[in-house]
Amino acid sequence: MANLANDISEVLVTEEELREINKRLGAQITKDFEGKKLFIVGILKGSIYFMTDLTRNIDLPLEIDFLGVSSYGSSTRTSGQVKIVKDLDKSIEGYDVLLIEDILDTGRTLDYVSDMLKTRKANSISVCTLLDKPARRAPDVDLVPEYVGCDVPDEFVVGYGLDYDQKYRNLPYIGALKREIYE
């Protein structure tokens with residue numbers, strides 16, 4: 001990983017901090033969803049590492065599925081156009097759904113997905129994001145996640161599932177990508 005690490009200007013969330021975030025959120029989700037029919041929906045591809053580690057810290061029966069959503073392409077900014085590229089394989093009717101996202105940036109993607117899933121007769125829909133970037137929230141989005149790992153500054157971040165042009169997902173931490181890489 002030496003080559004990938006050279007492209008990082010600063011480590012923002014360490015491996016140890018990620019473990020602690022997963023333990024903390026897993027314990028809270030376990031408490032909040034006790035006695036409920038939990039269905040976890042990961043937003044592909046960025047959430048895969050976070051969702052995997054988080055679910056191992058949830059001490060409840062649960063089901064999982066994935067939504068493939070695209071709004072960035074190979075850009076560093078969301079296009080504002082949300083496209084579902086992989087839908088759920090199973091109905092969420094009667095479940096308490098927890099959406100798992102890697103980063104809440106403008107909020108448009110999660111707002112769109114949440115609104116779409118509300119029409120599918122789930123008991124409830126909650127949002128868990130590993131990273132929140134409040135400085136980038138779109139003014140027309142009022143989505144507030146129930147679970148947040150940590151806030152990050154308005155930098156382009158990669159690692160632990162987050163990518164730039166499909167690269168850097170496999171970094172075991174979250175770092176700010178050097179501007180010269182993507183500008």
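Preceding this section is the structure that the text describes.
Cut-offs used in this document
Residues numbered from 1 in each chain as written. Predicted model: local features only at pLDDT ≥ 70, side-chain atom pairs only at ≥ 80, totals over all residues. Heavy atoms only, no water. Helix = DSSP H or I, 4+ residues; strand = E, 2+ residues; numbered from the N terminus. Buried < 20%, exposed > 50% of the residue type's maximum accessible area, 1.4 Å probe, protein only. Contact = heavy atoms within 4.5 Å. Core = buried A, V, L, I, M, F, W, Y, C linked by side-chain atoms within 4.5 Å. Salt bridge = Lys/Arg side-chain N within 4 Å of Asp/Glu carboxyl O. Phe/Tyr/Trp six-rings, centres within 6.5 Å; stacked < 30°, edge-to-face > 60°. Lys NZ or Arg CZ within 6 Å of the ring centre and 35° of its normal. Pairing = 2+ DSSP bridges. Axes fitted to C-alpha atoms, helices over the stretch in contact; angles between N-to-C directions.

A. Structural detail: the side chain of Lys133. By the secondary structure assignment, Lys133 is in the loop between strand 6 (124-132) and strand 7 (147-151). Its relative accessible area of 5% is what places Lys133 among the buried residues. Those residues in contact with Lys133 that lie beyond four places of it in its chain are Ile103, Leu104, Asp105, Val152, Pro153, Asp154, Glu155 and Phe156.

B. Layout of the nonpolar core. One finds Ile29, Leu98, Cys128, Leu131 and Ile174 to be the most contacted residues of the largest nonpolar core, which totals 25 residues. Ranked by residues supplied to this core, first place goes to helix 2 (residues 15-32) with four residues. Not counting residues within four places of it along the chain, the set of residues in contact with Leu131 comprises Val13, Asp102, Ile103, Leu104, Cys150, Val152, Val157, Leu162 and Ile174. Within the second largest apolar cluster, 21 residues are counted, among which are Val41, Tyr95, Leu110 and Met116.

C. Structural context of the pattern of salt bridges. For the structure on display, the rule yields 15 salt bridges. The closest approach of N and O atoms between Arg120 and Asp87, which form a salt bridge, is 2.9 Å. Remark: Asp87 occurs in the loop between strand 4 (83-86) and strand 5 (96-104) and Arg120 occurs in the loop between helix 4 (108-118) and strand 6; sequence separation between them is 33 residues. With a shortest N-O distance of 2.9 Å, Arg136 and Asp105 are connected by a salt bridge. With Arg136 in the loop between strand 6 and strand 7 and Asp105 in the loop between strand 5 and helix 4, this pair connects stretches of sequence that are 31 residues apart. Residue classification places Asp105 among the buried residues on the basis of a relative accessible area of 7%.

D. Summary view of the packing of aromatic side chains. Scanning the entire structure with this criterion turns up six aromatic pairs. The interplanar angle of 65 degrees and the centroid separation of 5.0 Å between the aromatic rings of Phe39 and Tyr95 together place this pair among those described as edge-to-face. Of this pair, Phe39 sits in strand 2 (residues 38-44) while Tyr95 sits in the loop between strand 4 and strand 5, and the two are 56 residues apart along the sequence. Phe39 sits in the buried class, given a relative accessible area of 1%. On the basis of relative accessible area, Tyr95 is assigned to the buried category, the value being 6%. Between Phe156 and Tyr164, the aromatic rings sit 5.8 Å apart at their centres with planes inclined by 85 degrees, giving edge-to-face as the arrangement. No difference in accessibility class separates Phe156 from Tyr164, as the two residues are buried. Three or more aromatic residues link up through ring pairs in this structure, and these residues are Phe156, Tyr164 and Tyr182. Here the guanidinium or amino end of Lys36 rests over the ring plane of Phe33, the centre of that ring lying 5.7 Å away. Positioned above the aromatic ring of Tyr95 is the side chain of Lys37, whose terminal nitrogen or guanidinium carbon lies 4.4 Å from the ring centre.

E. Here's a closer look at the sheet that holds strand 7. Read from one edge to the other, the open sheet built from six strands follows the order 4-3-2-5-6-7, with strand pairing classed as mixed. Where the open sheet ends on each side, the last strands, each with one partner, are strand 4 and strand 7. The sheet shows a mean angle of 30 degrees between the axes of neighbouring strands, direction not considered. Docked against the sheet, helix 2 engages strand 2, strand 5, strand 6 and strand 7, running at close to 160 degrees with respect to strand 7.

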